[in-house]
Every structure is written in C-alpha cells, then in structure tokens.
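# Topology and contacts: notes
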Amino acid sequence: MTARFNRLAKGAILTGLLATASVQADFSACLSDLHSDATDQGVSREVADQLLTGVEPSDRVIELDRNQPEFTSTLKGYLDQRVTQTRIEQGRALLAEHEAQLERIRERYGVPGRYIVAFWGLETHYGQYVGDMPTIRSLATLACDRRRGAFFRDELIAAMQLVDNGTVEADRLRGSWAGALGNFQFLPSVYRDHAVDADGDGRADLWESFADAAESAGAFLAARGWQAGERWGREVRLPQDFDYSLAETEASLRDWAERGIQGTNGSALPNADLNATLLVPAGAQGPAFLVYENFDVIMRWNPSRFYALSVGHLADRLIGAPGLDRAPPDEPPLAIKTIEAMQTALNQRGYDAGSPDGRMGPATRSALRAFQRDAGLVADGHPNPDTLAEIDETLTQD
C-alpha cells in the first residue's frame, strides 16, 4: 500500500511539474509575441526589454478577474460597501475644498464637480487606495489569458508607450489588479489618450496632482459623450400594477408618466424633452430608476450597472440628497456557477440567455423575463429565490 501510494504521489507531482512547465512555456511564448507587437507599434526595444524581461504570470490576478464584485454582489451589498456615510462626509468636504478647480472643470467639460468627486470616491476612496500591484505583470497575465486577451494586450502596449514617451516612469507603474492607475484608476490607454497637464508642470501626474487627475477625469467623461446640464438619472416610484416586462426599455419621460411612474415623493416627473430607460436592478422588491444618457457615459467608464448607480447615487448624496426611498432587498449573492447553471437551464428551455458565463447581462435578463412571464411570475428579470426555484422545478420535469 505504501509503495503504491508513493508511486501515485510521485506521479501526481510529476504531472503537476509538467503542467507548470507547460504554462511557463506558453507564457514565455506569449511574452515574446507581446514584445514583437509592442516594438511593431513604436515602443523602443530598450523599453520593451526593460519592462517584459523576467515577468511572471500572476495567479492572483486571474482569481480577481474571475470574481469581480460587479458580477458577484447584490445591489444592496454593492451600495452598502461603496455609498457609506463616511464616504459621503469625506466627499462633501473634498467637494468644498476643491470647489474652484471643480468649477473650472464644469465650465470646460460640462461635468459637475459632484460627479468628479463621486468617481474619485468609488475608484480609490479619494486617493487612499490606488493599488500596489505591478502593472506590467498584471497586464501581461491578462493579455496572455484567453478570456479578454486582446483587450489587455492593447492596454499592456499602452502602458509601455507611457514609459517610452516619458509620461510615466517605469517604477511608477503600480495600481489595480487590472492595470488601472492613479487617483481615478485610468487604464493605460485612457491615461495615454485623455490625461491632462492641468497644473502646467509639463506632465500629467494622475497620482500626486489633483488638478491633473480631476481634469483628466472631466476630459475623459466629455470624450465619452457627457451631456452638460443633465443628470445621470433618478429613483422613481412605480404603480402597484406596473408591467415589469417594460424594464430596460427606453421611452420619453412623458410616456413613463402616462404609465403611472412618479417621483419618489409622489411628484410628477419633470416636464422635459428627455428619453429614459427604466431599470429595476434588484427586481420588483427593490428600487426603480429612470436613467438618462449620462448613465450610459458612466458605464463607458466601468460597464457595470451597479457601479454606475453607485456613482450617480453618491454624487446626489454629496449635494444633500437623501438615501434611496426603497432599499434593495437583503438577498444572498449568487455564485457565478449558480448563474451559469441558470443560463444553461434557460437555454435548454428555449430562452436565449446567451453563452453561459456567470454574468447577468442583457441577454440573460431578457431570457429570464420571458421565462418569468410564461411561468406566471413577476417578469422583472431578477433571479430571486422564487424564480430560481421555478427554474429548478421545470428542469426536473424534463
């Protein structure tokens, strides 16, 4: 028995060593390709050698990529961690401290200061947590990963260009696990294309210069289509008999008012020539929002509805708005594997939820609403316990 166990153990160790060697060989080949791509795009060979020599893949980066809170949190959990009373109070103080600079940004780019400060708070808790992971290692790991390799390959080359053109020193390239940098966590391509030297010292410093960092944020939002004079959206009150299959559809404010939607205090919606999309991100038991074009701009910064709602809500709280009128339900978060299983089940039942990826995207929510409607449930596109139980029951009947 002992001899057999030892043989099995040695076999397992050998298999592990061979697998590790294979991963290392694949990563080394990928680094070689990245080096060639970078020099083909104008990065000097000296800088490419300096930044890529000796880089090792990071298991931690892959782990974090697969478990992003935007995909694994509930709305309540996400907001509770990000729109805190401490963050609101600190943000209000910083809004007053930087009033003059923020007003200049509003005049130039059309972005009110409360949004700049809200992004700052969400991204790095006002500069307190800018990240300390080696940027080149993080980006190389993600560039050589199958999930979003092409995207991060471009970001890695952008980071190398920042060093090559003298914008950032190589040892300053430390930030988030995804390669984001500075007070506002700009990806390298955003840093390269949108950073502003607002204080006139000859370089755009997104770590130590608030003027540079904040104006760069304003410039980026303007480039993404920020609409001056418009809000991000607003929480609204839905009538009791509301048809939740209308969630995620767009209509004019007048059309929404005709369907019985009101402000949270029962007031009429603004009489403005605006279109808005209805969101019920925590289902029929949670808050409802009408969101405008600037909500989409926020999502071009970070493509998460929870993130965009947090930025908008925090910006409102910074200027004295109350908390949500209707709190999100306190539900357990769904594991990525649970969402994958739900997507697979919906596809098997003929509801096109897209490729099972563990993420509640538009296709999955649309498929879920169709299933809920056919099952006689509230068609809000939210995977609440009743809906998941109904999906399980229909599968057992196959």
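Coordinates for the structure precede this section.
Note that the coordinates shown come from a computational prediction; the quantities given were computed from them, not determined experimentally.

## Considering the overall build of the protein chain
Within the protein chain, the regular secondary structure consists of 18 helices and 7 strands. Overall, the protein chain is about 70 × 65 × 35 Å in size when its C-alpha atoms are taken along their principal axes. The proportion of buried residues among the 398 residues of the protein chain is 48%. Looking at the protein chain alone, contacts between residues at least 24 apart form 65% of all its contacts between residues at least 6 apart. Counting only carbon and sulfur atoms, one obtains 48% of the accessible surface of the protein chain, whose full area is about 19300 Å². In the protein chain, which carries 39 positive and 58 negative side-chain charges, the distance between the mean positions of the two groups comes to 4 Å.

## A short note on the packing of aromatic side chains
One pass over the structure, following the stated rule, counts 17 aromatic pairs. Centre to centre, the rings of Phe-119 and Tyr-307 are 6.3 Å apart; their planes meet at 45°, and the pair counts as tilted. With Phe-119 in helix H8 (residues 113-124) and Tyr-307 in helix H15 (residues 305-318), the pair connects residues that are 188 residues apart, well separated along the chain. Judged on exposure class, the residue Phe-119 and its partner Tyr-307 are both buried. The structure contains a cluster of three or more aromatic residues connected by ring pairs, namely Phe-119, Trp-120, Tyr-126, Phe-184, Phe-186, Phe-210, Phe-220, Trp-301 and Tyr-307. Taking the ring centre of Tyr-78 as reference, the NZ or CZ of Arg-82 above it sits at 3.7 Å. The ring of Trp-256 carries the charged tip of Arg-259 above its face, separated from the ring centre by 5.1 Å.

## Observations regarding the packing of H8 against helix H12 (residues 210-223)
Where H8 meets H12, the axes come as close as 10 Å, and the angle between the chain directions of the two elements is 110°. If you check the angle between H8 and H12, you find them roughly perpendicular. Counted together, Ile-116, Phe-119 and Trp-120 of H8 and Phe-210, Ala-214, Ala-217, Gly-218 and Leu-221 of H12 form the full contact between these two elements. A per-class count over the contact of H8 with H12 returns 7 nonpolar, 1 polar and no charged.

## A few points about the sheet that holds strand E7 (residues 288-291)
The 5 strands are arranged E4-E6-E7-E3-E5 in an open sheet whose pairing can be described as antiparallel. Whereas interior strands pair on both sides, the edge strands pair on one side only; in this sheet they are strand E4 (250-252) and strand E5 (262-263). Bridging between strand E3 (residues 233-237) and E5 involves 2 bridges; their strand directions are antiparallel. Looking at E5, one finds that Arg-237 is bridged to Gln-262.

## Remarks on the pairing of E3
Residues in a regular strand point their side chains to alternate faces of the sheet. Counting buried positions over the 5 residues of E3 gives 4, a clear majority of the element. Bridging between E3 and E7 involves 4 bridges; their strand directions are antiparallel. Residue pairing across strands places Glu-235 opposite Phe-289, the latter belonging to E7.

## Digging into the pattern of salt bridges
The tally for this structure, following the rule as stated, stands at 18 salt bridges. Of the charged contacts in the structure, one is a salt bridge between Lys-76 and Asp-80, with a shortest N-O distance of 3.0 Å. Separated by 4 residues within a single helix, Lys-76 and Asp-80 lie in helix H5 (residues 75-82), roughly one turn from each other. Owing to a relative accessible area of 46%, Asp-80 belongs among the partly exposed residues under this scheme. Counted as one network, the salt bridges with shared partners bring together Asp-65, Arg-66, Asp-145, Arg-147 and Arg-148.

## Notes on the side chain of Gln-101
Within the secondary structure, Gln-101 is located in helix H7 (residues 99-109). Residue class for Gln-101 comes out buried when judged on its relative accessible area of 13%. Of the polar contacts made by the side chain of Gln-101, one reaches the side chain of Arg-104; its length is 2.9 Å. Apart from the residues within four sequence positions on either side, Gln-101 is in contact with Phe-210, Ala-211 and Glu-215.

## So, the nonpolar core
Residues Ile-116, Ile-136, Met-160, Phe-184 and Trp-301 are the most contacted members of the largest nonpolar core, which totals 81 residues. Among the elements that make up this core, the one with the highest residue count is H15 (8 residues). Those residues within four positions of Met-160 in sequence are excluded, and the remaining contacts are Ala-38, Val-43, Val-47, Ala-48, Leu-51, Leu-52 and Ile-136. Formed by 17 residues, the second largest nonpolar core is a distinct cluster that contains Phe-242, Ile-261, Ala-288 and Leu-290.

## Notes on helix H2 (residues 45-52)
In an α-helix, one full turn covers 3.6 residues, which means residues spaced three or four apart are oriented alike. Taken residue by residue, H2 has Val-47, Ala-48, Leu-51 and Leu-52 as its buried positions. Down the axis of H2, the sector holding all buried residues measures 110°, keeping them to one side. Of the residues in H2, the exposed ones pointing more than 90 degrees away from the buried face are Arg-45 and Glu-46. With its phi angle positive at about 80°, Gly-54 sits one or two positions after the end of H2.

What counts, and at which threshold
Residues numbered from 1 in each chain as written. Predicted model: local features only at pLDDT ≥ 70, side-chain atom pairs only at ≥ 80, totals over all residues. Heavy atoms only, no water. Helix = DSSP H or I, 4+ residues; strand = E, 2+ residues; numbered from the N terminus. Buried < 20%, exposed > 50% of the residue type's maximum accessible area, 1.4 Å probe, protein only. Contact = heavy atoms within 4.5 Å. Areas by Shrake-Rupley, 256 points an atom, 1.4 Å probe, with all protein chains shown as cover. Lys, Arg positive; Asp, Glu negative; His and termini not counted. Charge placed at Lys NZ, Arg CZ, Asp CG, Glu CD. Phe/Tyr/Trp six-rings, centres within 6.5 Å; stacked < 30°, edge-to-face > 60°. Lys NZ or Arg CZ within 6 Å of the ring centre and 35° of its normal. Axes fitted to C-alpha atoms, helices over the stretch in contact; angles between N-to-C directions. Parallel < 35°, antiparallel > 145°, perpendicular 65-115°, else oblique. Nonpolar A, V, L, I, M, F, W, Y, C, P; charged D, E, K, R; others polar. Pairing = 2+ DSSP bridges. Salt bridge = Lys/Arg side-chain N within 4 Å of Asp/Glu carboxyl O. Polar contact = N/O pair within 3.5 Å; in protein donor to acceptor, adjacent residues only side chain to side chain. Core = buried A, V, L, I, M, F, W, Y, C linked by side-chain atoms within 4.5 Å. Arc of directions from axis to C-beta.

Geometric descriptors of this kind do not, in isolation, establish any biological role.
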